[in-house]
Protein chains: 2
Amino acid sequence: MADSAGTGGVVLAVDIGGTKFAAGLVSQDGTLMRVRRVATPPGGDAETLWKALEGLLDGLVGASAGAARPDEVTGVGVGSGGPMFWPSGEVSPLNMPGWRAFPLRDRIAARFPGVPVRVHNDAICVAIAEHWQGSGRGSENMLGMVVSTGVGGGLILGGRLIDGGTGNAGHIGHVVVDPVGPPCRCGGRGCLEAIARGPGLAEWAVAQGWRPGAHAQTGEGLYKEAAAANARALAADAKEGDPIAMAAMTRAGRAVGIAVASAASLCDFEVVTIGGGLSQAGPLLFGPLEEALREHARIEFATRVRVVPAALGQEAGLIGAAALILAADRYWGPR
Amino acid sequence: MADSAGTGGVVLAVDIGGTKFAAGLVSQDGTLMRVRRVATPPGGDAETLWKALEGLLDGLVGASAGAARPDEVTGVGVGSGGPMFWPSGEVSPLNMPGWRAFPLRDRIAARFPGVPVRVHNDAICVAIAEHWQGSGRGSENMLGMVVSTGVGGGLILGGRLIDGGTGNAGHIGHVVVDPVGPPCRCGGRGCLEAIARGPGLAEWAVAQGWRPGAHAQTGEGLYKEAAAANARALAADAKEGDPIAMAAMTRAGRAVGIAVASAASLCDFEVVTIGGGLSQAGPLLFGPLEEALREHARIEFATRVRVVPAALGQEAGLIGAAALILAADRYWGPR
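Just so it is clear, the structure is predicted and the values come from calculations on it, not from any experiment.

Helix and strand content of chain A: eleven helices and twelve strands. Projected onto its principal axes, the C-alpha coordinates of chain A cover approximately 55 × 45 × 35 Å. Here the contacts in chain A between residues at least 6 apart in sequence split such that 62% fall between residues at least 24 apart. Accessible surface for chain A amounts to roughly 12,400 Å². Of this, 53% is attributable to carbon and sulfur atoms. Across chain A, 28 positive and 31 negative side-chain charges occur, with their mean positions spaced 1 Å apart.

Moving on: the pattern of salt bridges. Tallied over the entire structure, the rule returns 28 salt bridges over all chains. Note that Lys51(B) and Glu54(B) form a salt bridge whose closest N and O atoms lie 3.7 Å from each other. You can see Lys51(B) and its partner Glu54(B) sitting in helix α2 (residues 46-58), three residues apart, about one turn around the helix. Residue class for Glu54(B) comes out buried when judged on its relative accessible area of 17%. The salt bridge partner of Arg69(B) is Glu72(B), with a shortest N-O separation of 4.0 Å. One network of salt bridges, in which partners are shared, links Lys51(A), Glu54(A), Asp58(A) and Arg111(A).

Right, let's get into the domain arrangement of chain A. All names here are of chain A. When the domains of chain A are assigned, the result is domain 1 (2-121) and domain 2 (135-311). Between the C-alpha centres of domain 1 and domain 2 the distance comes to 28 Å. Each partner contributes residues to the interface: domain 1 has four residues there, and domain 2 has seven residues. Taken together, the two surfaces of domain 1 and domain 2 that pack against each other cover about 440 Å², and 49% of this comes from carbon and sulfur. Linking domain 1 with domain 2 are zero salt bridges, by the criterion used here.

With that settled, consider the nonpolar core. If you look at the biggest cluster of nonpolar residues, it comprises 116 residues, and the most contacted ones within it are Met145(A), Ile172(A) and Met145(B). The residues contacting Ile172(A), other than those within four sequence positions of it, are Leu143(A), Met145(A), Val151(A), Gly152(A), Leu192(A), Ala259(A), Val260(A), Ala263(A) and Leu266(B). Counting residues in hydrophobic clusters, the runner-up holds 63 residues, among them Trp99(B), Ala127(B), Ala316(B) and Tyr331(B).

Next up on the list: the packing of helix α4 (residues 122-132) of chain A against helix α10 (residues 316-326) of chain A. Residues and elements named next belong to chain A. Running from N to C, α4 and α10 cross one another at 80°; their axes reach a closest spacing of 7 Å. Looking at the two axes, α4 sits roughly perpendicular to α10. Between α4 and α10, the residues in contact are Cys125, Val126, Ile128, Ala129, Glu130 and Trp132 and Ala316, Gly317, Ile319, Gly320, Ala321, Ala323, Leu324 and Leu326, respectively. Along the lines of polarity and charge, the residues of the contact of α4 with α10 split into eleven nonpolar, two polar and one charged.

With that settled, consider the interface of chain B and chain A. Often the size quoted for an interface is simply the accessible area lost on bringing the parts together. In this complex, chain B contributes 38 residues to the contact, which on the side of chain A involves 38 residues. Together, Val176(B), Leu266(B) and His296(B) form the three largest contributors to the area buried by chain B at its contact with chain A, with a combined 21%. Taken together, chain B and chain A are joined by 16 residue pairs in polar contact (both at pLDDT 80 or more). Of all elements in the fold, only β9 (151-157), α8 (243-267) and α9 (283-296) of chain B reach the threshold of two or more residues within the side of chain B that touches chain A. Ranked by residue count, the leading element in the side of chain B that touches chain A is α8(B), at six residues. Looking at the side of chain B that touches chain A residue by residue, the class counts come to 16 nonpolar, 14 polar and eight charged.

Residue and element names in this part refer to chain A. You can see serine 27 is positioned in strand β2 (residues 20-27). When its relative accessible area of 6% is taken as the criterion, serine 27 is described as buried. A polar contact is formed between the side chain of serine 27 and the side chain of aspartate 29, at a distance of 2.3 Å. Not counting residues up to four positions away in its chain, the partners in contact with serine 27 are Met33 and Leu326.

Take the sheet that holds strand β7 (residues 117-121) of chain B next. Residue and element names in this part refer to chain B. Within the open sheet, the five strands sit side by side as β3-β2-β1-β4-β7. Their pairing is mixed. Every other strand in the sheet has two partners, leaving β3 (32-39) and β7 as the edge strands with one partner each. Between one strand axis and the next, the sheet turns by 15° as a mean value, whatever way the strands run. Examined bridge by bridge, strand β4 (residues 73-80) and β7 share five bridges and lie parallel to one another. Its bridge partner being in β7, valine 78 is matched across the sheet by valine 119. Helix α4 (residues 122-132) rests against β1 (10-16), β4 and β7 of the sheet, and its axis sits at about 100° to β7. Running at roughly 130° to β1, helix α10 (residues 316-326) makes contact with β1, β2 (20-27), β3, β4 and β7 of the sheet.

Omega for the bond connecting Gly82(A) with Pro83(A) falls within 30 degrees of zero, at 0°, which places this linkage in the cis form. Mapped onto the secondary structure, Pro83(A) falls in the loop between β4 (73-80) and β5 (84-85). Here the amide bond leading from Trp86(B) into Pro87(B) is cis, since omega sits at 5°, within 30 degrees of zero. Turning to its location among the elements, Pro87(B) is positioned in the loop between β5 (84-85) and β6 (90-91). The residue Asp268(A) is not glycine, and still its phi comes out positive at about 60°. Of note, Asp268(A) is situated in the loop between α8 (243-267) and β11 (271-275). Looking at Asp268(A), the relative accessible area reads 0%, which means it is buried. Positive phi values are uncommon outside glycine, yet Ala101(B) reaches one of about 50°. Relative to the assigned elements, Ala101(B) resides in the loop between β6 and α3 (104-111).

Below, the discussion takes up the sheet that holds strand β11 (residues 271-275) of chain B. All names here are of chain B. Strand order in the open sheet made by the five strands is β10-β9-β8-β11-β12, with mixed pairing throughout. Of all the strands in the sheet, the pair left with one neighbour each is β10 (160-162) and β12 (306-309). Strand after strand, the sheet turns through a mean of 25° between neighbouring axes, direction not considered. Looking at chain direction, β9 and β10 are connected through three bridges and run antiparallel. Following the sheet pairing, isoleucine 156 is matched in β10 by leucine 161. Across the sheet, α4 touches β8 (142-147), β9, β10 and β11, and the angle it forms with β9 is around 45°.

This paragraph deals with the state of the cysteines. A covalent bond between the sulfur atoms of two cysteines is referred to as a disulfide. This model, assessed by the stated rule, comprises zero disulfides over all chains. There is no disulfide at Cys186(A), and the cysteine sulfur nearest it, in Cys184(A), is 3.7 Å away. Of the residues examined, Cys186(A) reaches a relative accessible area of 17% and is grouped as buried. Here Cys191(B) stays unpaired: no disulfide links it, and the sulfur of Cys186(B), its closest cysteine neighbor, is 3.8 Å away.

How each quantity is defined
Residues numbered from 1 in each chain as written. Chains lettered and ligands numbered in written order. Predicted model: local features only at pLDDT ≥ 70, side-chain atom pairs only at ≥ 80, totals over all residues. Heavy atoms only, no water. Helix = DSSP H or I, 4+ residues; strand = E, 2+ residues; numbered from the N terminus. Contact = heavy atoms within 4.5 Å. Areas by Shrake-Rupley, 256 points an atom, 1.4 Å probe, with all protein chains shown as cover. Lys, Arg positive; Asp, Glu negative; His and termini not counted. Charge placed at Lys NZ, Arg CZ, Asp CG, Glu CD. Salt bridge = Lys/Arg side-chain N within 4 Å of Asp/Glu carboxyl O. Buried < 20%, exposed > 50% of the residue type's maximum accessible area, 1.4 Å probe, protein only. Domains from an automatic or database assignment. Buried area = accessible area lost by both parts, 1.4 Å probe. Core = buried A, V, L, I, M, F, W, Y, C linked by side-chain atoms within 4.5 Å. Axes fitted to C-alpha atoms, helices over the stretch in contact; angles between N-to-C directions. Parallel < 35°, antiparallel > 145°, perpendicular 65-115°, else oblique. Nonpolar A, V, L, I, M, F, W, Y, C, P; charged D, E, K, R; others polar. Polar contact = N/O pair within 3.5 Å; in protein donor to acceptor, adjacent residues only side chain to side chain. Pairing = 2+ DSSP bridges. Disulfide = S-S within 2.5 Å.

Written out as structure tokens, the structure is:
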């Protein structure tokens, strides 16, 4: 790693998700230089999951060809699915039953003694990345959203990440958009996530009579494999003009628009970045989103809010995790 | 003012409201020592309003008996009805048409040269006061609400006031609690304020058949004068068991509860203080509020939120305004 050693070492960035673990080396100027991924061992117990992560990290730091030397690593930033204890970094990712209050931060710190190891929520890392290097760059006040299997986010106000009391500020998924709406997996009702999360949306469409893949054979590239009744197939069918699939996108877009209107009034930000699988539906989602947002965000200061697609794609989580170390003055609050 | 001179001078605190102007002298330890009030000249033009304010201040700082000497004043903090340009302090209070982009900060600064003069929204000053000296004291993460003719608030996260991009963060009144709810004066629909502001609530009750004062003659102290179809009369009648008035309080309480659930999920705070006229309805408001809050705030970190009545009453605005000077490290963000 002559490249990185020459510029003051590297940061190891880690992204812990329910379907994959990813890790990367990030230079001091914030460039993601090398990425490895591995599928999350399905149903793995705590040590099986840990071994998979260790193997991934070994390929990036250690004796492997192209790996950084351990003494080049100046810090480790981690984004993980929640819930978690923060900032102590014991994680209980919803889709990873093998880890319950697993001491992820401590275990990584034991492998990288003497450097900071910082863990935050994955959606917050994505928001940080979009603010640091993505489509929220240059804004002092921003909400970064992820609309995917869940709906999450992170909040930047006054140019700094807002953590809230437990590290969960920005979690827009449980803003109520319809008080008599569908039940949410949190136990509440009418939360944004209950309506707009991919699986919820697909379920709604199926209940309306949608059968996935009717249009798949004519779809393009990315969507050719559409077949399961999931949000990706739904987005593909919506693009092909399936009326129920289009109605589902409208339903999700309007729900996001109402939640953003509420959040903009409460938090007084100027930009919202939207990433995650559903954001790839493009105008089918963003059109109804804008419409509902403009209907509801009418108090003057809230009318200035702009909604933009996220810019960084699937590597956002790693970039944001690196920022916990490389731009800690803005993105890491605990003292 | 030997008292104040002995402890390093006084802060002049000012509260600009649609029905009254208030001003006070506050010692360096945050004690409100002397208060004067004057009715806001109804329909007054810009200079008429300014003269009324000047007269009020003259009685507190200058040659009057008991007044502070001008050289004792170490700063001026002002809470004003909005909207306003912030932090420059040009104000356009909704209920004071005579002031539109009136340079309130500059005019006061010209009278008190050489000391800081800071203007913020009145509801934010109330929230600051409740955090500094009231029922939010000791919490690092808090929403301070005012439920009155309007519904506003201020947000403290990480122990510091959150301003947002235009000084409006915490403005919970335009969080959407019912997307198909009544129109709001902001131009939106189903905002908390549209449902829970006093006049809106009274209007709803009248539409349901409520006639104010039916129970007033048997009411207690504060509410004896109830007669007009306003929120105070409504609260009085609710306490007397009038079913429509009680339903109105339930309607307002549930709306506040839903908005607080959304805000707690988004901002991750632990305490909400509720002040303003409607909060005096007590359990008739707080009962339904708690019920709706617990139904909707179900994600784990949000379940910890506690809702408490504000502690400081009508002097909160002055105390918070003084904190813009006396505790600027926590409550005044602009640099």
